[in-house]
Amino acid sequence: MKNNITPTNKEISMRDGDLIVSKTDAKGRLTYCNQIFIEFSGYSEQELLGQQHNIVRHPDMPRSVFNLLWQTIKSGDEFFGYVKNISKDGSYYWVFANITPSYSTGAGAGAGAGEILGYFSVRRKPEPEKIKIIESVYKNMLTAEQQTGARDAITAGTKILTDMIEPTGKDYREFILSI
Ligand SMILES: Cc1cc2nc3c(=O)[nH]c(=O)nc-3n(C[C@H](O)[C@H](O)[C@H](O)COP(=O)(O)O)c2cc1C
């Protein structure tokens, strides 16, 4: 589902100490948002709960970043990444996000132990110098995705990221935590 919001150039910045928190079910539908999530997204809690998390997806974000995000969390690992999000009024806000799977203990009816029940995400204010680096990488990734067309977009976008990280000898996680 697309949010169809027209982006504006207005930035809203997270403050030091702000934490934007959300929880989703296993399919990425919002089950919890904290007050700061509500403030930055511009929606009411009622408008948010039950919606797909792509309600705050900004069109400047490469698809291949979300592909990596989902691959990582579905396999049970935690994901770190910089994300440009869009508010209801078209403003944008950058976050540094950590997303982790939430597992069942096996205690609930019908839930097997170790099954992924949903995901939990905490975002904090990114450092502006890091945003500059990431913004230009994402621009290159987006361009590659658009030039290739939908079918090969993920491969093309991911290649830009991989080609940049590979010479450093790091993996994605080490790279993103080191910039
Ligand atoms: C816990 C959790 C948090 C997420 N946080 C964001 C977020 O802040 N911004 C965002 O655009 N997508 C976020 N996503 C990814 C979205 O589910 C979705 O994949 C993304 O917005 C791309 O949307 P699309 O697949 O419809 O293009 C999150 C997913 C999960 C499971």
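Residues numbered from 1 in each chain as written. Predicted model: local features only at pLDDT ≥ 70, side-chain atom pairs only at ≥ 80, totals over all residues. Heavy atoms only, no water.

**Q** Can you help me understand the packing of aromatic side chains in this one?
**A** Between two aromatic rings, the relevant description is the distance of the centres plus the angle of the planes. Applying the stated criterion across every chain, the model contains 6 aromatic pairs. Ring geometry for W70 against Y119: centres 5.4 Å apart, planes inclined by 85°, an arrangement best described as edge-to-face. Highlighted residues: W70 in helix α3 (residues 63–74) and Y119 in strand β5 (residues 116–124), separated in sequence by 49 residues. A relative accessible area of 29% places W70 in the partly exposed class. (Phe/Tyr/Trp six-rings, centres within 6.5 Å; stacked < 30°, edge-to-face > 60°. Helix = DSSP H or I, 4+ residues; strand = E, 2+ residues; numbered from the N terminus. Buried < 20%, exposed > 50% of the residue type's maximum accessible area, 1.4 Å probe, protein only.)

**Q** Would you mind going over the site of the ligand with me for this structure?
**A** In the vicinity of the ligand there are 14 residues, among which N54, R57, W70, N85 and R123 approach most closely. One of the side-chain N or O atoms of N54 is found 2.6 Å from an oxygen atom in the ligand. In the complex, 85% of the free accessible area of the ligand, which totals 600 Å², lies under the protein chains. For the ligand, the cavity whose grid points lie within 2 Å of the majority of its atoms is the largest pocket. At the level of secondary structure, the elements contributing two or more residues to the shell around the ligand comprise α3, β3 (79–86) and β5. Of the residues in the shell around the ligand, the class split is 7 nonpolar, 5 polar and 2 charged. (Near = heavy atom within 4 Å. Polar contact = N/O pair within 3.5 Å; in protein donor to acceptor, adjacent residues only side chain to side chain. Areas by Shrake-Rupley, 256 points an atom, 1.4 Å probe, with all protein chains shown as cover. 1 Å grid on protein atoms, 1.4 Å probe; cavity = no way out; pocket = protein on both sides within 12 Å on 5 of 7 lines; lining within 4 Å. Sits in = over half its atoms within 2 Å of the grid points. Nonpolar A, V, L, I, M, F, W, Y, C, P; charged D, E, K, R; others polar.)

**Q** I'm lost on the packing of α3 against helix α5 (residues 153–165) in this one. Help?
**A** Axes are the key here: two packed helices are described by the angle between their axes and the distance separating the axes. Where α3 meets α5, the closest approach of the two axes is 8 Å, and the angle between their N-to-C directions is 85°. It follows that α3 is roughly perpendicular to α5 by the angle criterion. Residues R63, S64, N67 and L68 of α3 form the contact with α5, whose participating residues are A153, I154, G157, T158 and L161. Its residues assigned to classes, the contact of α3 with α5 comprises 4 nonpolar, 4 polar and 1 charged. (Axes fitted to C-alpha atoms, helices over the stretch in contact; angles between N-to-C directions. Parallel < 35°, antiparallel > 145°, perpendicular 65-115°, else oblique. Contact = heavy atoms within 4.5 Å.)

**Q** Just to check I follow, could you spell out helix α4 (residues 128–148) for this structure?
**A** An α-helical turn contains 3.6 residues, so any two residues separated by three or four positions project in the same direction. Relative to the 30 Å expected for 21 residues at 1.5 Å per residue, α4 spans 30 Å between its end C-alpha atoms, a close match to the ideal helical length. Of the surrounding elements, those touching the buried residues of α4 are α3, β3, β4 (92–103), α5 and α6 (172–178). Following α4 by one or two positions, G149 adopts a phi angle in the positive range, close to 90°. (Expected span 1.5 Å × (residues − 1).)

**Q** Is there a simple way to think about empty space enclosed by the protein in this case?
**A** Over the atoms, a rolled probe matching the size of one water molecule traces out where space is still vacant. Evaluation of the coordinates by the stated rule reveals 1 cavity of 30 Å³ or more. Surrounding the largest cavity, V65, L68, I134, V137, Y138, M141, L161, Y172, F175 and I176 form its lining. Listing elements by their share of the lining of the largest cavity, those giving two or more residues are α3, α4 and α6. Ranked by the residues each element gives to the lining of the largest cavity, the list is headed by α4, at 4 residues. Of the residues assigned to the lining of the largest cavity, the class counts are 10 nonpolar, no polar and no charged. (Points joined across faces, edges and corners; volume = space filled by probe spheres on them.)

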